[in-house]
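Overview (structure and organization)
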Amino acid sequence: MFTVENLCASYNGKKVFENVSFSLEEKSITALCGLNGSGKSTLLSLMSGIPNPSMSVSGKVFLDGSDVLRQKAKVTARRISYLVQDEHSVWNISVKNLIDGGRFVHRKWFEESTEEDERVISEAMEMLSLTELKDRPISTLSGGEYQRARIARSFVQQTDYIFLDEPLSSVDITYQNGLMNILRDLCGKGKTVCISIHDINLASQFADRMIFMKKDRSGIITGTASDMMTEQTLMQTYGKNFRIFNHPVTGKKQIW
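Values in this document were obtained by computation on a predicted structure and should not be read as measured data.

Here the focus is the packing of helix α5 (residues 143-155) against helix α6 (residues 173-188). Following both chains from N to C, one finds α5 and α6 inclined at 5°, their axes separated by 13 Å at the closest point. As the angle between them shows, α5 and α6 are arranged roughly parallel. Contacts between α5 and α6 involve R148, I151 and F155 from the first element and Y175, L179, I182, L183 and L186 from the second. Counted by class, the contact of α5 with α6 contains seven nonpolar, no polar and one charged residues.

With that out of the way, let us pick up the sheet that holds strand β1 (residues 2-11). The strand order β2-β1-β4-β5 describes an open sheet built from four strands, whose pairing is antiparallel. A single partner strand is all that each edge strand has here, and the edge strands are β2 (14-23) and β5 (66-67). Sheet analysis places strand β4 (residues 55-63) next to β5, joined by two bridges and oriented antiparallel. Residue pairing in the sheet places L63 in a bridge with S66 of β5.

Under the defined criterion, the tally for this structure stands at 14 salt bridges. One salt bridge connects D64 with R79, and the closest N-O pair in it is separated by 3.0 Å. Remark: R79 occurs in the loop between α2 (73-77) and β6 (80-83) and D64 occurs in the loop between β4 and β5; sequence separation between them is 15 residues. Judged by relative accessible area, D64 falls into the partly exposed class, the value being 45%. Residue R79 is classed as partly exposed on the basis of its relative accessible area of 25%. Between K96 and E118 there is a salt bridge, with the nearest N and O atoms lying 2.7 Å from each other. Separated by 22 residues along the polypeptide, K96 in helix α3 (residues 95-100) and E118 in helix α4 (residues 115-127) bring together distant segments of the chain. Connected through salt bridges with shared partners, the residues D100, R103, R107 and D117 form a single ionic network.

Along an α-helix, residues three or four apart share an orientation, since each turn contains 3.6 residues. Relative to the 18 Å expected for 13 residues at 1.5 Å per residue, α5 spans 19 Å between its end C-alpha atoms, a close match to the ideal helical length. By the criterion of burial, α5 is predominantly enclosed, with 12 of the 13 residues buried. All of the buried residues along α5 are G144, E145, Y146, Q147, R148, A149, R150, I151, A152, R153, S154 and F155. Taken together, the buried residues of α5 touch β6, α3, α4, β7 (161-165) and α6.

Attention now moves to the environment of K191. By the element assignment, K191 lies in the loop between α6 and β8 (192-196). The spatial distance from the C-alpha of K191 to the C-alpha of I162 is 7.2 Å, given a sequence separation of 29 residues. At a separation of 2.9 Å, a polar atom in the side chain of K191 contacts the main-chain carbonyl oxygen of T159.

By the definition in use, this model includes five aromatic pairs. Judged by centre distance (5.8 Å) and plane angle (45°), the rings of F2 and Y161 are tilted. Of this pair, F2 sits in strand β1 while Y161 sits in strand β7, placing them 159 residues apart in sequence. Above the face of the Y175 ring, R148 is positioned so that its terminal group lies 3.9 Å from the ring centre.

Let us look at helix α9 (residues 231-238). Residues of α9 that are buried include every one of T233, L234, T237 and Y238, and no others. End-on, the buried residues of α9 take up no more than an arc of 105°, which puts them together on one face. Count one or two residues on from α9 and you reach G239, which has phi positive near 70°.

Moving on to the nonpolar core. In terms of nonpolar packing, the biggest core is built from 49 residues, with F155, L183 and M210 touching the most fellow members. It is α6 that contributes the most residues to this core, six residues altogether. Other than its neighbours up to four places away in sequence, F155 contacts M127, L128, I162, L179, I182, L183 and L186. Counting 27 residues, the second largest nonpolar core, distinct from the first, contains L24, L44, L63 and L69.

Quick notes on the rules
Residues numbered from 1 in each chain as written. Predicted model: local features only at pLDDT ≥ 70, side-chain atom pairs only at ≥ 80, totals over all residues. Heavy atoms only, no water. Axes fitted to C-alpha atoms, helices over the stretch in contact; angles between N-to-C directions. Helix = DSSP H or I, 4+ residues; strand = E, 2+ residues; numbered from the N terminus. Parallel < 35°, antiparallel > 145°, perpendicular 65-115°, else oblique. Contact = heavy atoms within 4.5 Å. Nonpolar A, V, L, I, M, F, W, Y, C, P; charged D, E, K, R; others polar. Pairing = 2+ DSSP bridges. Salt bridge = Lys/Arg side-chain N within 4 Å of Asp/Glu carboxyl O. Buried < 20%, exposed > 50% of the residue type's maximum accessible area, 1.4 Å probe, protein only. Expected span 1.5 Å × (residues − 1). Polar contact = N/O pair within 3.5 Å; in protein donor to acceptor, adjacent residues only side chain to side chain. Phe/Tyr/Trp six-rings, centres within 6.5 Å; stacked < 30°, edge-to-face > 60°. Lys NZ or Arg CZ within 6 Å of the ring centre and 35° of its normal. Arc of directions from axis to C-beta. Core = buried A, V, L, I, M, F, W, Y, C linked by side-chain atoms within 4.5 Å.

Structural data, given as structure tokens:
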């Protein structure tokens, strides 16, 4: 069970967010939404057990009773895979070698890849349409291709919890829907997913639950995707009025 209790974060005396408490619904997708700078990335990093040393943090993040903010990184990495929003590699390695980095939690330093490693990596590349790119240096990839390779690296950790910070950035609409369907399939196999996302309509289509970061940084609003798509909630989150309608095919609530 994954639970956040009274989490507060500030930087140089400036509040990022406060009074954040929620539990993730197991084997489901939770979408984390809010304005730029509302604290989504900070929240995901703290949920992953990676606090910024220059940030003041209080509260608890529990995974099966253990506070991940006080665990060793490799212990947490065996349970939680975390995709950061931005990343620039120092080494111009191949796509396959980048993805292989996600297997570090399953072997010792400098230990050779096993047959199991190769199988898991191959499946992840196939899942994200990267097989033909496996030998390409990452410097030759488009932004979307690089993003998919980083997501594949998260998948090969084979964790129970998958936290992705804006995984759809740089990814075209075909792969956006494809990735959300992949995440849905992973939930069916026992994974619990939390992603930050700016496309509220896409989140409403695929997420089971949504977390909205309040515009005034006083906490969150959370509930089912259907319940969250209200004018009042959107105003508290974005400070704007939105029209709400039902998708003509799925019937899910959408905004414009």
